[in-house]
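Structural overview
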Amino acid sequence: GVALLALINDLLDYSKLEAGRLDIEHSPFSPQTLVQSVAELLSPKAADKGIEITAYVDSTVPAELYGDEARLRQVLINLAGNGVKFTDEGGVGIEARLVAADDGLAHVAFSVRDTGIGIPDDKQAAIFEEFSQAHIAGERKREGTGLGLAIARKIVRAMNGDITLASSPGEGSAFTFTVEL
Ligand code: ADP
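Below is a summary of the structure that appears in this document. (Residues numbered from 1 in each chain as written. Predicted model: local features only at pLDDT ≥ 70, side-chain atom pairs only at ≥ 80, totals over all residues. Heavy atoms only, no water.)

Description of the overall build of the protein
Formally: Only DSSP runs of H or I reaching four residues or more are called helices, and only runs of E reaching two or more are called strands; each is numbered from the N terminus. With the radius of gyration taken over C-alpha atoms, the globule rule is written as 2.2 Å times the number of residues to the power 0.38. Contacts are assigned to residue pairs that have any heavy atoms within 4.5 Å of one another. Positive charges come from Lys and Arg, negative ones from Asp and Glu, while His and the chain ends are left out of the count. A charge is said to be at NZ when it belongs to Lys, at CZ for Arg, at CG for Asp and at CD for Glu.
Each helix and strand in the protein was counted, giving five helices and seven strands. Expected size for 181 residues packed as a compact globule is a radius of gyration near 16 Å; at 16 Å, the protein falls within 12% of this value. Across its three principal directions, the C-alpha atoms of the protein cover 50 × 35 × 30 Å. A sequence separation of at least 24 residues applies to 70% of the contacts in the protein between residues at least 6 apart. Separation of charge centres in the protein, based on 16 positive and 27 negative side chains, amounts to 6 Å.

Considerations on the pairing of strand S6 (residues 162–168)
So the rule is basically this: When accessible area is computed with a 1.4 Å probe and restricted to protein chains, residues below 20% of their type maximum are described as buried, those above 50% as exposed, and intermediate ones as partly exposed. Pairing between two strands is assigned when DSSP locates at least 2 bridges connecting them.
Judged by which residues are buried, S6 turns out to be one-sided: Ile163, Leu165 and Ser167 face inward and are buried, whereas Asp162, Thr164, Ala166 and Ser168, on the alternate face, are not. One ladder, built from seven bridges, connects S6 with strand S7 (residues 172–180); its direction is antiparallel. Residue pairing for S7: Asp162 is matched across the bridge by Thr178. Connecting S6 to the next strand, S7, in antiparallel fashion are three residues, including Gly170 with a positive phi near 85°.

Here's the deal with the environment of Ala150
In this fold, Ala150 is placed in helix H5 (residues 148–158). Exposure remark for Ala150: the relative accessible area of 2% places this residue in the buried category. For the pair formed by Ala150 and His135, sequence separation is 15 residues and the distance between their alpha carbons is 16 Å. The contact partners of Ala150, leaving out residues within four places of it in the chain, are Tyr14, Phe128, Glu129 and Glu130.

Topic: the environment of Gly20
Topologically, Gly20 is positioned in the loop between helix H1 (2–18) and strand S1 (27–29). Along the chain, Gly20 and Ala158 lie 138 residues apart, while their C-alpha atoms are 9.5 Å from each other.

Re the site of the ligand
Using the following cut-off: The rule for a residue being near a molecule or strand is that one of its heavy atoms must lie within 4 Å of it. What qualifies as a polar contact is a pair of N or O atoms within 3.5 Å, subject to a donor-acceptor requirement within protein and to the restriction that residues adjacent in sequence count only when both atoms come from side chains. What sets the accessible areas is the Shrake-Rupley method with a 1.4 Å probe; for residues, cover comes only from the shown protein chains. Residues are grouped as follows: Ala, Val, Leu, Ile, Met, Phe, Trp, Tyr, Cys and Pro are nonpolar; Asp, Glu, Lys and Arg are charged; every other residue, Gly included, is polar.
Taken together, 21 residues form the shell around the ligand, and within it Asp114, Gln133, Ala134, Thr145 and Leu149 come nearest. Here Asp114 contributes a side-chain N or O atom positioned 2.8 Å from a nitrogen atom of the ligand. In this structure, an oxygen atom belonging to the ligand sits 3.0 Å away from a main-chain N or O atom of Gly146. In isolation the ligand has 530 Å² of accessible area, and contact with the protein removes 97% of it. Broken down by secondary-structure element, the contributors of at least two residues to the shell around the ligand are helix H3 (69–85), H5 and S7. Among the elements that line the shell around the ligand, the one with the most residues is H3, at four residues. Within the shell around the ligand, the residues separate by chemical class into seven nonpolar, 12 polar and two charged.

Below, the structure is given as structure tokens:
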């Protein structure tokens, strides 16, 4: 039931994004609180697996920013949730730093790194596509819809940013996205 509900929610979300019905909010929020709360939300799952989860917001990031906190949280939870899902030793780190600031716009980079199983080079581009999974065979315990990263990329692009991936199998993965706030 839980898996079906997750699938339905992802599909609804994805079709809304596909229909161009993504209204980006511009409300004040604290990036420090946001990053911290995502780490706290996932920490029970990380503790269950015996891995660490850490949060760090660089002092260059303004204490208050205007943007869509709920959508940013959705992207961070997706990336950090994947990090926890695909890491059995070590941990997951969530970070935010300021890349540039001009004309009242802050270009902020968020990165989510893990020390997990990693993603082979030839699968890296495809995982941002819909329903795409890089690890399937014999991995039933790591279920998912394959929509999370496609949704994350759409949200990030709606915030005038993009998302990139650096990963080595057996060493870990680092997803970084920048957004304009
Ligand atoms: P889901 O997690 O629901 O399968 P996603 O779109 O979030 O869908 O991820 C797609 C695929 O990308 C995953 O199934 C997995 O194979 C790969 N992947 C995503 N994040 C990671 C990660 N941190 N480490 C290893 N593989 C990952």
